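# Geometric and topological summary
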Amino acid sequence: MTAETNTEAPKKPAPADQESFLSVFTRNLWASNNVLITTLSIVLAVIIGAVLIVVSDADVLAKFVYFTARPSDALNASWTLISEAYADLLKGAFGDPAVFQAWFDGTATWQEAFAPLSETLTYAAPLVFTGLSVALAFRGGLFNIGAQGQAVLGCVVAGAAGFTFGLPIVLNLVVALLAGVIGGALWGFIPGLLKARTGAHEVITTIMLNYTAALFLSWLVIQKGVQAPGRTDAISKSVAESAQLPSPGGILRVHLGILIAVLVTAGVAWLLKRSAFGFEIRAVGANPHAAQTAGISVGRTYVLLMAVAGGLAGLGGATQVLGTAYALTPAVAGNIGFDGLLVALLGRNRPWGTFFAALLFGALRAGGNRIQSYAGISLELVTVLQALIVIFIAAPALVKAIFRLRAARVTGAGTSLAKG
Amino acid sequence: MRGITKRFGDLVANDHIDITVEPGEVHALLGENGAGKSTLMNQLYGLLHPDEGQILVNDEPVVFNSPRDAIAAGIGMVHQHFMLVPVFTVAENIALGAEETRGGPLGWLDRRRSRRDVIDTSTKYGLPVDPDALVEDLPVGAQQRVEIVKALTREVDLLILDEPTAVLTPQETEELLAVMRSLTAMGKSIVFITHKLKEVKAIADRITVVRRGRIVGTASPDTSEDELAALMVGRAVSLEVQKAPAEPGAVVLKIDGLVVDDDRGIRAVDGVDLEVRAGEVLGIAGVQGNGQTELVEAVMGLREVRAGSVRLEGDDLIGLSTKKILRSGVGYVPEDRSHDGVVKEFSVAENLVLDMYDSAPYGNAFRVDGGKVGGNARERIEQFDIRCQSADTLVGTLSGGNQQKVVVAREMSRPLRLFIASQPTRGVDVGSIEFIHKQIIHERDQGTAVLVVSSELDEVVGLADRIAVMYRGRILAIVSPDTPREELGLLMAGITGAPAEGEK
């Protein structure tokens with residue numbers, strides 16, 4: 001009874017509230033905000049990707065030859081191809097409903113059902129770290145192209161620590177992870193110091209250090225004492241089991257790295273927003289002259305910031321080698337540093353934005369593997385999709401023009417007030 | 001212009017403005033920063049489109065889609081920030097946008113003809129410019145002449161000058177006013193945008209006062225300055241700085257034989273000796289670029305000192321970091337507010353603790369206390385009358401005057417021994433000027449030593465208890481503020497009463 005009277009009473013003003021909420025919602029929906037532009041960029045990329053899928057398939061393309069005679073043939077074939085491809089992408093990234101059904105029926109294991117999600121998280125984990133590395137540096141006004149090199153150094157030092165020390169369980173892993181952080185931090189510290197002391201532009205120095213790191217790794221893995229005994233190819237000894245990131249095992253490759261990624265993202269978010277160092281980073285990034293005038297040492301901030309950013313990328317490298325690869329090869333770091341640039345851009349240099357962008361990239365990568373094996377579409381298509389998303393994000397004016405979005409109200413008022 | 005209305009989002013920048021400019025007159029458009037003067041003129045020059053209303057030229061309605069259309073209709077504009085290419089010569093800059101070529105659009109530039117055009121125009125209107133000089137080598141006043149010549153070569157009938165005197169020395173301002181007189185004598189019309197009352201009274205034939213996007217009155221040049229100021233601000237303001245005689249105490253800042261180089265490695269401060277006492281305002285007068293900037297930056301630890309000493313109550317400041325100097329009780333308002341004073345992407349609250357974020361009570365070496373920062377902001381906003389929606393408003397969206405109040409509030413919100421203000425009211429509206437001046441005097445009366453650097457002679461004379469005139473890196477003389485203006489003006493130009501004084 002009381003519940004009924006309680007629900008009756010506040011119902012009356014509800015319509016007015018609802019209306020205002022609706023109008024606010026629709027207004028904000030078509031005002032250009034970052035979330036909307038990101039979503040629309042993904043939509044646009046998917047559409048262009050669909051066209052590419054059709055164009056790259058000879059059989060379907062052949063049906064377009066007699067398009068005017070029987071358009072349904074070509075359209076049906078295209079639709080089937082596109083929908084299957086994207087369905088495979090989703091299944092590969094998040095799970096196949098059929099396998100879930102089989103699990104419930106007892107014909108498949110739960111591991112099989114969750115394997116796609118595990119792949120997504122496995123690919124995403126290192127990208128979170130490299131993405132945060134780029135994003136954090138960018139908030140301080142530095143363009144850290146060197147996340148790749150820092151991640152490679154992270155791999156090297158973490159891997160070396162992993163197969164050298166032979167410490168007891170837990171400690172071995174912690175030491176190896178820390179070693180990765182230190183390796184990356186060193187590789188970030190160098191360009192930071194060069195920038196602060198000599199004004200050398202960090203873009204140039206970090207690019208050069210990327211080469212240095214990659215070539216150092218290639219050289220290192222074939223050295224005596226590093227190369228796996230009995231092997232002639234370029235691969236190092238495996239890291240001790242106690243230094244590997246714990247994982248459920250079997251076909252589930254996901255490991256502790258993704259949980260560390262969540263914690264580190266939260267840490268970076270706190271650092272930027274609440275810490276004194278974060279205040280310095282943001283002040284230096286927005287206006288180094290005003291920061292200097294207010295007594296903030298710009299050079300010191302640059303050095304520290306690059307070291308921290310390098311440490312993050314190094315941690316990304318460490319999770320790669322301790323979580324999935326277990327041994328150093330010249331390509332152990334893959335492309336995680338450069339993908340980190342895209343992830344940071346997609347996440348608009350905000351910690352949690354970067355985190356979710358990394359998840360998206362991980363999902364695309366995991367789904368892409370499935371597209372390749374099931375639909376026979378090349379993995380490169382997924383790379384094209386990633387690139388298209390980033391291009392649209394980087395050109396918000398283009399997206400706005402395509403969808404005829406209104407300019408955001410806030411920015412309009414801001415610019416006009418600033419004028420004389 | 002008839003019924004001109006322009007909106008930016010919710011803000012109405014121009015609200016049904018009617019304005020007429022007659023041939024051969026100087027029409028002054030007077031208003032505070034952000035009143036909508038520049039917006040109005042940008043519409044006349046084709047940079048912005050009016051949302052409502054019409055523009056009529058010689059009684060014919062026109063629509064300008066770009067400045068090119070406006071120039072074709074005989075309207076030229078000289079912007080507040082010059083639109084010149086520094087590495088081009090004067091002639092090249094003037095030809096830019098209307099290049100004369102031989103042999104079609106891809107042909108050779110006709111440099112000789114553009115040079116001749118420049119010389120013709122400059123002699124015709126009595127505006128001496130050297131067509132072959134590089135613009136970056138010219139002083140500001142000469143650059144402005146180039147802009148005017150550039151507009152005149154397009155054969156315009158109406159010239160819009162947007163805050164033309166903001167960057168000029170008193171002498172250059174006089175010259176500009178003379179040029180304006182001769183232009184109107186030749187039948188050109190001029191719209192003169194400004195917020196400086198003296199100049200308006202000196203030159204304008206008619207005055208239109210704009211406040212918050214509306215015309216609030218028209219006046220004739222014989223209206224008194226106080227009345228004009230009241231119209232502009234919407235309330236009575238006092239233009240004179242009210243202050244009691246200073247009671248100087250012990251020497252707080254002592255500068256001896258200071259030598260500082262500028263960014264190019266050229267000597268900017270050449271052996272300066274100064275003393276500032278507690279409870280007095282020392283004003284440094286001088287034309288911009290005579291070493292005042294470098295002097296202050298050296299004191300603040302922002303610039304390397306070549307020789308000499310700077311002592312704050314006996315403690316050597318040289319070699320200390322800016323942070324240490326600020327912490328030792330020095331407040332500093334930098335001359336270029338948007339460059340050095342505020343972080344525009346930061347909120348008002350964050351800007352108010354820009355140099356105190358890591359010390360008690362706002363935070364420590366590791367964290368910043370958001371609650372304390374916000375509380376401090378609410379207090380300062382109240383105390384310093386900072387007009388903003390909330391403490392979280394981005395500083396970049398505030399008007400110049402309010403941005404400056406943020407800087408002043410920040411620097412005055414801790415106990416000070418020395419307060420240094422460079423150009424404390426540059427680009428600040430009349431209402432805020434009055435307020436900032438009061439705050440500076442209030443700080444002095446609490447026993448703080450105050451050093452004010454300003455290229456506005458009125459400001460120095462109004463605030464200072466002693467005036468040091470700086471010229472070419474040296475202090476030419478230290479005089480009392482009662483010294484006649486003419487004498488100060490001559491000193492600022494480097495001419496001392498005693499001809500023997502060390503000028504080479």
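Residues numbered from 1 in each chain as written. Chains lettered and ligands numbered in written order. Predicted model: local features only at pLDDT ≥ 70, side-chain atom pairs only at ≥ 80, totals over all residues.

For the rest of this paragraph, the subject is the overall build of chain B. When its secondary structure is counted, chain B shows 17 helices and 22 strands. Its C-alpha radius of gyration of 24 Å places chain B within 12% of the 23 Å reference for a compact globule of 504 residues. Reported as C-alpha extents along the three principal axes, the dimensions of chain B are approximately 70 × 55 × 50 Å. Here chain B holds 504 residues, and the buried ones make up 47% of them. (Helix = DSSP H or I, 4+ residues; strand = E, 2+ residues; numbered from the N terminus. Rg over C-alpha atoms; globule rule 2.2 N^0.38 Å. Buried ≥ 20, exposed ≤ 12 C-beta atoms within 10 Å, placed from the backbone.)

Within chain A, the regular secondary structure consists of 19 helices and zero strands. Expressed as a percentage of contacts within chain A between residues at least 6 apart in sequence, the contacts between residues at least 24 apart total 75%. (Contact = placed C-beta atoms within 7 Å.)

It is worth spelling out the domain arrangement of chain B at this point. All names here are of chain B. As assigned here, chain B comprises domain 1 (2-233) and domain 2 (251-343 + 412-492). Taking only C-alpha atoms into account, the centre of domain 1 sits 33 Å from that of domain 2. Across the boundary between the two partners, domain 1 contributes eight residues, which contact seven residues of domain 2. It is helix α8 (residues 225-233) that provides the largest number of residues to the side of domain 1 that touches domain 2, a total of three residues. Along the lines of polarity and charge, the residues of the side of domain 1 that touches domain 2 split into four nonpolar, three polar and one charged. (Domains from an automatic or database assignment. Nonpolar A, V, L, I, M, F, W, Y, C, P; charged D, E, K, R; others polar.)

This paragraph deals with the sheet that holds strand β9 (residues 158-162) of chain B. Residue and element names in this part refer to chain B. Strand order across the open sheet formed by six strands is β6-β9-β10-β3-β11-β12, with mixed pairing between neighbours. A single partner strand is all that each edge strand has here, and the edge strands are β6 (75-78) and β12 (214-219). On average, adjacent strands in this sheet sit at an angle of 20° to one another, irrespective of strand direction. Here β9 pairs with strand β10 (residues 189-194) via five bridges, running parallel. Bridging from a neighbouring strand, L158 pairs with S189 of β10. Taken strand by strand, helix α6 (residues 170-185) contacts β3 (26-31), β9 and β10, and its axis lies near 150° from that of β10. (Pairing = 2+ DSSP bridges. Axes fitted to C-alpha atoms, helices over the stretch in contact; angles between N-to-C directions.)

Right, let's get into helix α15 (residues 430-445) of chain B. All names here are of chain B. The first and last C-alpha atoms of α15 sit 23 Å apart over 16 residues, in line with the 22 Å expected at 1.5 Å per residue. Looking only at α15, the buried set comprises V430, S432, I433, E434, F435, I436, H437, Q439, I440, E443 and R444. The secondary structure elements touched by the buried residues of α15 are α8, β15 (281-285), α14 (400-412), β19 (418-422), β20 (449-454) and α16 (457-463). Once α15 ends, the next one or two residues include G447, with phi positive near 100°. (Expected span 1.5 Å × (residues − 1).)

In this section: the environment of Q439(B). All names here are of chain B. Within the secondary structure, Q439 sits in helix α15. On the basis of neighbour count, Q439 is assigned to the buried category, with 21 C-beta atoms found within 10 Å. Between the alpha carbons of Q439 and E172 there is a distance of 31 Å; along the sequence they are 267 residues apart. Beyond its immediate sequence surroundings of up to four residues, Q439 is in contact with V408 and M412.

A few words on unusual backbone geometry. Although it is not a glycine, N349(A) adopts a positive phi angle of roughly 60°. Checked against the element boundaries, N349(A) lands in the loop between α15 (336-346) and α16 (351-375). What makes N349(A) partly exposed here is the crowd of 19 C-beta atoms within 10 Å. Even without a glycine there, the phi angle at N58(B) is positive, about 50°. The residue N58(B) is located in the loop between β4 (52-57) and β5 (60-62) in this model. According to the C-beta neighbour criterion, N58(B) is exposed, with 9 such atoms within 10 Å.

Right, let's talk about the packing of helix α5 (residues 71-94) of chain A against helix α7 (residues 110-139) of chain A for a bit. Residue and element names in this part refer to chain A. As a packed pair, α5 and α7 sit with axes 5 Å apart at the nearest point and diverge in direction by 80°. By the angle between their axes, α5 is roughly perpendicular relative to α7. In this structure, α5 uses K91, G92, A93 and F94 to contact α7, whose residues at the interface are P116, L117 and T120. (Parallel < 35°, antiparallel > 145°, perpendicular 65-115°, else oblique.)

Helix-helix packing: each pair is described by the crossing angle between the helix axes and the interaxial distance. Residues and elements named next belong to chain A. Between helix α3 (residues 34-55) and α5, the shortest axis-to-axis distance is 10 Å and the interhelical angle comes to 120°. Comparing their axes, α5 and α3 come out oblique. As α3 runs across α5, the sense of the crossing is right-handed. Counted together, A50, I53 and V54 of α3 and S78, L81, I82 and A85 of α5 form the full contact between these two elements. For the contact of α3 with α5, the class distribution of residues is six nonpolar, one polar and no charged. (Left-handed = near helix turned anticlockwise from the far one by under 90°.)

Let us look at the pairing of β15(B). All names here are of chain B. Taken across its five residues, β15 has five buried, putting it largely inside the fold. Of the two faces of β15, the one carrying V281, G283 and A285 and the one carrying L282 and I284 are both buried. Looking at chain direction, β15 and β20 are connected through five bridges and run parallel. Bridging from a neighbouring strand, A285 pairs with S454 of β20.

This part is about the sheet that holds β20(B). Residues and elements named next belong to chain B. Across the sheet, six strands lie side by side as β18-β19-β20-β15-β21-β22; this open sheet has mixed pairing. Each having just a single partner strand, β18 (330-333) and β22 (474-479) make up the two edges of the open sheet. Here the strands of the sheet are splayed against their neighbours by 15° on average, with no regard to which way each runs. Sitting on the sheet, α14 is in contact with β18 and β19, with an inclination near 175° to β18.

Residues and elements named next belong to chain A. Structurally, the position occupied by L315 is in helix α14 (residues 298-325). Accessibility expressed as a C-beta count within 10 Å gives 32 for L315, which makes it buried. Taking C-alpha positions, L315 is 11 Å from G159, a pair spaced 156 residues apart along the chain. For L315, the contacting residues outside a window of four places in its chain are F129, G154, L177, G180, V181, G184 and V264.

Our next topic: the pairing of β6(B). Residues and elements named next belong to chain B. Side chains I75 and M77 of β6 all project onto a buried face; the interleaved residues G76 and V78 project onto the opposite face, where all are buried too. In the sheet, β6 pairs with β9 via four bridges, with the strands oriented parallel. Paired with I75 across the bridge in β9 is L158.

A few words now on helix α8 (residues 147-164) of chain A. All names here are of chain A. Between its terminal C-alpha atoms α8 stretches 25 Å, which fits the 26 Å expected from 18 residues at 1.5 Å a residue. Taken across its 18 residues, α8 has 17 buried, putting it largely inside the fold. Just downstream of α8, G166 is the residue with a positive phi angle, here 60°.

Residue and element names in this part refer to chain A. Summing up the model confidence of chain A, the mean pLDDT is 85 and the portion of residues at 70 or higher is 88%. The model gives residues 1-18 a pLDDT under 50, and that stretch makes zero contacts with residues more than four places away or in other chains. Low pLDDT, under 50, characterises residues 408-420; the stretch is placed with 31 contacts to residues that sit more than four places away or in other chains. (pLDDT = per-residue confidence, 0-100.)

This part takes up the confidence of the model for chain B. Residue and element names in this part refer to chain B. Looking at chain B as a whole, its pLDDT mean stands at 85, while 95% of the residues score no less than 70. Residue range residues 499-504 is modelled with pLDDT below 50. Its contacts to residues more than four positions away, or to other chains, number three contacts. With pTM at 0.79, the complex prediction returns an ipTM value of 0.77.

The next point concerns the environment of E175(B). Residue and element names in this part refer to chain B. Within the fold, E175 resides in helix α6. Given 16 C-beta atoms within 10 Å, E175 falls into the partly exposed group. Along the sequence, E175 and K254 sit 79 residues apart, while their C-alpha atoms lie 38 Å from each other.

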